[in-house]
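So you can see what is in the structure, the chains are spelled out below.
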Amino acid sequence: MKTAEQLEQIRQATLARINLRKATSNSVVEVVQDNRAHVMICAGTGCTSSNSEAIIKEFNDKIVFHGLEERITIVKCGCLGLCAQGPVVIIYPENCLYKTVKVSDVVDIVEQHLLRGKKVGRIFGGNLNDVASETEISKFFSKQLRIALRNCGLINPESIDEYIAFDGYKALAKALFTMSPAKVIEEVFASGLRGRGGSGFPTGKKWSFAASSADSDKFVLCNADEGDPGAFMDRSVLEGDPHALIEAMIIAGYAICAHEGYVYVRIEYPIALERLNIALEQARNYGLLGDNIMGSGFSFNLSVRLGAGAFVCGEETALIASIEGGRGMPRPRPPFPAIQGLWKKPTLINNVETFANIPNIVLRGSSWYSSFGTEKSRGTKVFAVGGKINNTGLVEIPMGTTLREVIYDIGGGIPNGKAFKAAQTGGPSGGCIPAALLDTPMDYDSLIAIGSMMGSGGLIVMDEDTCMVDIAKFFLEFTVEESCGKCPPCRIGIKRMLEILERITSGEGQPGDIEKLQELAEVIKSTALCGLGQTAPNPVLSTLRYFRHEYEEHITMKKCAAKVCKKLIKYRIAADLCKSCGLCAKFCPVGAISGDRKTGHIINTHKCVRCGVCTGKCPMQAIGIS
Amino acid sequence: MMNKVTIEIDGKKLSVPAHYSLLQAAGSAGIQIPTLCYLKGVNEIGACRMCIVEVRGVRGFQTACVYPVADGMVVQTNTDAVRTARKNVLQLILSTHCQDCLTCEKAGGCKLQDYCYEYDVDTSAYNGKNNEYIIDDSNPFYYRDNNKCIVCQRCVAVCSVLQCTAAIGLVDRGFNTFIGADNDKKISESKCVSCGNCVSNCPVGALTPKKKVKFREWEVKATRTICPYCGVGCELFLRVKGNTVVDVVPANGPANNGMLCVKGKFGYDFINHPDRLTQPLIRKNGVLETSSWSEALALIAEKIKGVKQINGADALAGLSSARVTNEENYLFQKLFRAVIGTNNVDHCARLCHASTVAGLATTLGSGAMTNSIEEVTGADVIFVTGSNTTETHPVIGAKIKQAQNRGAKLIVAEPRKIELAETADVFLQIRPGTNVALFNGMMNIILTENLQNARFIAERTENFAELEEIVKNYPPERVAEICGIDTAKLREAAIMYASANNAAIYYAMGVTQHSTGTQGVMAISNLALLCGQLGKECSGVNPLRGQNNVQGACDMGALPGDFPGYQKVVNPEVVAKFEQAWGTKLSSAPGLTVTEMLNAASSGKIKFMYIMGENPMVSDPDTTHVAQSLKALDFLVVQDIFLTETAALADVVLPAAVYAEKDGTFTNTERRVQKIRPAVLPPGAAKTDYRILLELMNVLDYPATYADASEIMDEIALLTPIYAGINYHRLEQKGLQWPCPDKQHKGTKVLHIDGFSRGKGLFVPAEYIPSRELPDAEYPLLLTTGRNLYHYHTRSMTGRVDGLNALSPASYIEINPVTAERIGVSDGELVRVQSRRGQIETTVRITDIIEQDIVFMPFHFAIGSANVLTNSAVDPTAKIPEYKVCAVRIKKK
């Protein structure tokens, strides 16, 4: 590609082919008349793991069988966010969504929907553009605003043409041909975009620091080492819209005068990696990466560096050490990477989601972007919602949306009618938000104010059956495992905190343990080397802040109200309910249950390992925890 | 002008360089900040969190070791908050630390112990679980006890940044992080070269030497002195308990910057070894029997007088020593020249760098390393040839690797794929003995590519036309054929060298020990002159001298043609000067070299030999001939520290003191004269060599009245222009590099800056001549010899260190797998190796670092000695023997 005009030609040619995916209700008629349809099948990691690849194959087979190749296009696409309902299939132009599709459903979709225009009722989830209806699907989408995820689910991530069709690389052309590097930074700065990796540092400011160095060698890095338990925002962008990242990084290179970049991806993301590599190859072939991009005179090279999946490598200086070939360990800052980063050269480093916002900011302008969100937190944020919630999946919301809206409107509430207890944001670095604070707006500063943090977007919902001491212990186990071992506060301190929690949850807590935890937490916060260590005590501190009574109960009464901590619970068979069927005894893995038809069954609590198998087996629900 | 900033630390206003860290700034004001992991320039990682301070306006604590100063910064290093935080960190560290302080070898020298005391940290804070590690005792010299490790990473940094071996690193992560060899191997199975620099830098008891003598930190006193092994001249501290050297730690000397190698660090057991000679011995009825000093000296004096009277002074000859001090070498040659009256004095420099002394004196005017060790790390291109630097000069080898890590390019031309070759940018695996062709070929390419430094050639050299004429005959294809290398690689090397800003050549015996050694040296000189790589920093022609004081022994005139300072015996003015100073008539006929002396002994011309601190029975070529020559003598005196193979043949054996027992100076390979200091007393009746020599001079009625070694140096300075500015007072700090012409002169780091010692640099080109003895049908293999890391010279010292013997126990021969298969020998097999001069038995070591039909043996071992096989053919100019090439065959036993 030697000019921007060539880009426009590709855009128009491809758009004509795929514009039916953006069909409004007015244009539907027109498009439907020529009977064309696109079948989008989610091929993100979630749907792939529930067999979407086989579904794609089945669709292709059936299309060939019916000779529909001309009319029907099968497209594998990125994640729409409805992971709980996957595999998901969408049919355009009708915007019809099918959920939990099985291979055996394909024949019906083809023969009834595609051939006869009849929806397959048993798997129909709703129409995507049908905002007015009160379906689960419309509730899930209506409060979302997809900027970073704009193309996820809408294009084939392995097709650069489809990306270009929906204005891909148009922002790059705009930057290269109509904006000075300083103007690009100004625009990013004015947009109010803040780092989506968790720190919330103003992106434009970061860019201007990196730009201000006169060094001729600079680097642009993308942090795609997403490591929070349960978080997959960045993975979804890479899987669903990899060119958005590439385009953004080239723009960043142009803005700070860097000519080389690396995407640091964990090897645990095989699909993301494959699509990113395909995208890089396509961009290089199109002359959008490499020397003299679109004839602008600007050159930029981008390649992938693999990480082994260490949580700490998401810390920027550890990530840099890892790219340099060293062990992924953070180093103290200053100097900050913008001054001295990769190979001691000025380095700009942002995460995937941050970059994914850039093309739209450049293309539509900072004021468009800053019109979303709150005053200090502009734009949108992607969350990976998991735990005890109906619509487990990926959502992108305008900053300032309340936690309640996310959980109850978008997320569909708590399963089985249980009560909401708390939500954890910021993963192992963040904190919990109790029910009383459900109306907290999700933005950087509000979350900090209540002792949690935005983090990179992990959102774990906990219901009434959750023990908060156990949750704190879970996150500490994670950080103990993931600590790089460089500094004593993190290497030893978190372990010592975990040991106290282990004592408390096994009924050996002592008076003074809470104070010891708090003291250690303060030591670690103030003396650990990097953000991982400094924030590692947060889950303990925030659970202590909102659920201190649970700790006290564990310590003084040796009681776990949520009945989670195994050493503090006992399984008991209610004699009045027990019909002595013997199923429990049959399935008990340790032979702790004895009895016969005459006497009924009892559990030997010394032998019992509290696995809970018996409870599930008892047809009378006679086995409970006390 | 250095950029400075003003900052305030603990209320003190300071002006410090802008590149300083807070720790450096505080240190410059005498404000101590505690550190555990910090090692200046090596490990500045902010890991241990002990150096935390408060910086006004910055949230939280900052680590002073890495925090850069900035103008107007206000810092508090010792607030209550800081002290409490440090105490908390110490409590955490201590909670994982094995607290066997009562029995810990490090007690008293442990930084963790000191800080716990200072910060009132006791053991009660946490009762958590700890990892339990098995102590790794697989290295013969040290223990790694990870139960005491605080994961400060100093050892890791020392191993990777300083020593550049990178044998150890962090293993596992989080609470389970520990330090170990790659893949959690034992140290003995890793790349570890036992340099012990990690042990020297461990702040706690995790790395401790395996002590022969137990000692407490407070029981020992340390004496700063110079290592007695190779020519690098590393400064070290001997730690002494009673009269026993019990430990060695590196000093931050100018040559070694806090590093040592395995021999320097751990090879000290010979000092207090029971085998030491403690009494003079006289051969009576064929047996060496204990005698008194007076009897021994009287007998020697009587023999000297007798031989001189009957056969003339030139029937006596002496071998001085590259092992003893300058002062002792000076006295030895004075004994022979002034008291006995002959110039028959030489020493083993004849066998290592005689060709350098001859060659560089001809082309440049001075036969020594042109540049300094500290410049190694600054070069852009380093060309190593004929030197297995990481084994023979390990600290310089490490610095070459440091230079590589800083981006320098490395060219290696060697017959074996040595350690440096593995990471070299260009490796030329040349056939032994083809150096002259190689250098001519490089120059041919440089001239063809027009990469020579025309201005330098025009202004600072002469005889360029002849060079062009000869080099013309060495097109790359021909040279590649001769050397057995690839033409493209040869071209790459030549262009890389010629295109560099600063290119430095380091070479050693692979160049000098040939019958064309002098031409080889001069060819190197030609190459450097051609590219103008002389007379400036980080470049030059740098012969690496093999022994602690081989440079000094040459400087002191332990050479048959030279008075001290290379003042020529054949120059009547020089002779007159020394006659006046020494008050006696002197011979103006150059004496015999080592090789000539032995021939003269065997033919009966030399009747008496005095050998001080040398062991020709192992070190000289063609051992059979050496033995026969020494046995032919009427009288042989050997002065040494052990009853060496040579001393065993002597009529009188004199017990001498080792370096650790005496005062004096050594001159290292970079011409640096450095002070050595006594740490212990000599055993029994052993005396320092200078004491023995001056007593003998007195017995011979020549008045020698030096009160101590410093007075000898004063006399040296008086008579030796290049040493004129040197006295002991001036040497106290970090020595002086000659030439040092007057008492105000600061010494000379780089030679030939303003002009060459001889005026202009002289091109002396030479044709390639093949080695004297090449493989043929009868002796089909080419044997080349050298050293290995773990032994020194003839093992009289290292052979008495158990750990070194454990690492390298016996003689071996390296054979390429293909050759081995052809001969039908397998790894570890005992074979017979034969040359035209003798045969030995040795063990096969199969390795692909050596090419087919070429075999390598270290010369250290008296049993299975390589020098039984080597050829005593010599270079006609320098009389250096051709150790590096001879023909052998291997027979199965």
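Scroll up a little and you will see the structure.
Here the structure is a predicted model, which is why all the values come from computation and not from measurement.

**Student:** Even after reading the chapter, I still don't get the sheet that holds strand β35 (residues 838-846) of chain B, so can you show me in this structure?
**Tutor:** Backbone-to-backbone hydrogen bonds pair the strands of a sheet. The strands run either parallel or antiparallel. Residues and elements named next belong to chain B. The strand order around the closed barrel formed by six strands is β32-β36-β33-β35-β34-β37, and the pairing between neighbours is mixed. The sheet shows a mean angle of 45 degrees between the axes of neighbouring strands, direction not considered. Pairing analysis gives six bridges linking strand β34 (residues 830-835) to β35, with the strands arranged antiparallel. By the bridge assignment, Val833 is partnered in β35 with Ile840.

**Student:** Just to check I follow, could you spell out the sheet that holds strand β7 (residues 260-266) of chain A for this structure?
**Tutor:** All names here are of chain A. Strand order in the open sheet formed by four strands is β8-β7-β6-β9, and the pairing between neighbours is parallel. Lying at the two open borders of the sheet, with one neighbouring strand each, are β8 (301-307) and β9 (347-351). Direction aside, the axes of adjacent strands within the sheet are offset by 20 degrees on average. Across seven bridges, the pairing between β7 and β8 is parallel.

**Student:** I tried to follow the environment of B:Ala465 on my own but got confused; where do I start?
**Tutor:** With respect to the element layout, B:Ala465 can be found in helix α16 (residues 464-471). Remark: the alpha-carbon pair of B:Ala465 and B:Phe763, spanning 298 residues in sequence, is separated by 8.9 Å.

**Student:** I keep staring at the interface of chain A and chain B and nothing clicks. Help me out?
**Tutor:** It is common to give the size of an interface as the accessible area that goes away when the parts come together. Between chain A and chain B, the residue contacts involve 29 residues of the former and 34 residues of the latter. Summed over both partners, the interface of chain A with chain B comes to about 2500 Å²; 59% of that surface belongs to carbon and sulfur atoms. When the buried area of chain A at its contact with chain B is split by residue, A:Arg327, A:Arg491 and A:Arg496 rank highest and sum to 22% of it. For the pair chain A and chain B, the interface holds one salt bridge. Across the contact surface, chain A and chain B share 13 residue pairs in polar contact (both at pLDDT 80 or more). Looking at which element gives the most residues to the side of chain A that touches chain B, the answer is helix α20 (residues 488-505) of chain A, with eight residues. Considered class by class, the residues forming the side of chain A that touches chain B number 14 nonpolar, five polar and 10 charged.

**Student:** Explain the pairing of strand β27 (residues 652-655) of chain B to me, please; I cannot follow it from the model alone.
**Tutor:** Every other side chain in a regular strand lies on the same face of the sheet, so the side chains alternate between the two faces. Residues and elements named next belong to chain B. The side-chain alternation of β27 yields two buried faces, one formed by Val652 and Leu654 and the other by Val653 and Pro655. Note: strand β13 (residues 281-284) against β27, two bridges, orientation antiparallel. Bridged to Leu281 within β27 is Val653. When strand β26 (residues 635-640) meets β27, the two strands line up parallel, connected through four bridges. Residue pairing in the sheet places Gln639 in a bridge with Leu654 of β27.

**Student:** Got a minute to help me understand unusual backbone geometry in this structure?
**Tutor:** Residues and elements named next belong to chain A. With an omega of -5 degrees, the peptide bond running from Gly86 to Pro87 counts as cis. Along the chain, Pro87 falls in the loop between β2 (72-77) and β3 (89-92). Here the residue pair Pro334 and Pro335 is connected by a cis peptide bond, since its omega of -5 degrees sits within 30 degrees of zero. With respect to the helices and strands, Pro335 occurs in the loop between α14 (316-323) and β9. Residue Thr100 is not a glycine yet carries a positive backbone phi of 35 degrees. Among the structural elements, Thr100 can be located in the loop between β4 (96-98) and α5 (103-116). For Thr100, a relative accessible area of 36% corresponds to the partly exposed category. In this model, Asn292 sits at a positive phi of 50 degrees, which is unusual for a non-glycine residue. Relative to the helices and strands, Asn292 is located in the loop between α13 (270-285) and β8.

**Student:** Whenever I open this one, the side chain of B:Thr512 confuses me. Can you help?
**Tutor:** Among the secondary structure elements, B:Thr512 is positioned in helix α19 (residues 509-512). With near-sequence residues (within four places) excluded, B:Thr512 lies in contact with B:Cys352, B:His353, B:Ser355, B:Thr356, B:Tyr507, B:Gly517, B:Val521 and B:Ile880.

**Student:** Teacher, can you tell me more about helix α11 (residues 233-240) of chain A here?
**Tutor:** The element α11(A) is extensively covered by neighbouring structure, given that eight of its eight residues are classed as buried. What α11(A) keeps buried is the set A:Met233, A:Asp234, A:Arg235, A:Ser236, A:Val237, A:Leu238, A:Glu239 and A:Gly240.

**Student:** Is there a simple way to explain empty space enclosed by the protein in this structure?
**Tutor:** To locate leftover empty space, one rolls a probe as large as a water molecule over the atoms. Residue and element names in this part refer to chain B. Applying the stated rule across the entire model yields 16 cavities of 30 Å³ or more. Estimated volume of the largest cavity: approximately 510 Å³. The wall of the largest cavity is formed by 35 residues, among which Met509, Gln513, Thr785, Gly786 and Lys884 lie closest to the centre. Taken together, the elements giving at least two residues each to the lining of the largest cavity come down to α9 (349-352), β18 (409-414), α19 and β32 (781-786). With three residues, the single largest contributor to the lining of the largest cavity is β32. By residue class, the composition of the lining of the largest cavity is 12 nonpolar, 19 polar and four charged.

Calculation notes
- Residues numbered from 1 in each chain as written.
- Chains lettered and ligands numbered in written order.
- Predicted model: local features only at pLDDT ≥ 70, side-chain atom pairs only at ≥ 80, totals over all residues.
- Heavy atoms only, no water.
- Pairing = 2+ DSSP bridges.
- Helix = DSSP H or I, 4+ residues; strand = E, 2+ residues; numbered from the N terminus.
- Axes fitted to C-alpha atoms, helices over the stretch in contact; angles between N-to-C directions.
- Contact = heavy atoms within 4.5 Å.
- Buried area = accessible area lost by both parts, 1.4 Å probe.
- Salt bridge = Lys/Arg side-chain N within 4 Å of Asp/Glu carboxyl O.
- Polar contact = N/O pair within 3.5 Å; in protein donor to acceptor, adjacent residues only side chain to side chain.
- Nonpolar A, V, L, I, M, F, W, Y, C, P; charged D, E, K, R; others polar.
- Buried < 20%, exposed > 50% of the residue type's maximum accessible area, 1.4 Å probe, protein only.
- 1 Å grid on protein atoms, 1.4 Å probe; cavity = no way out; pocket = protein on both sides within 12 Å on 5 of 7 lines; lining within 4 Å.
- Points joined across faces, edges and corners; volume = space filled by probe spheres on them.

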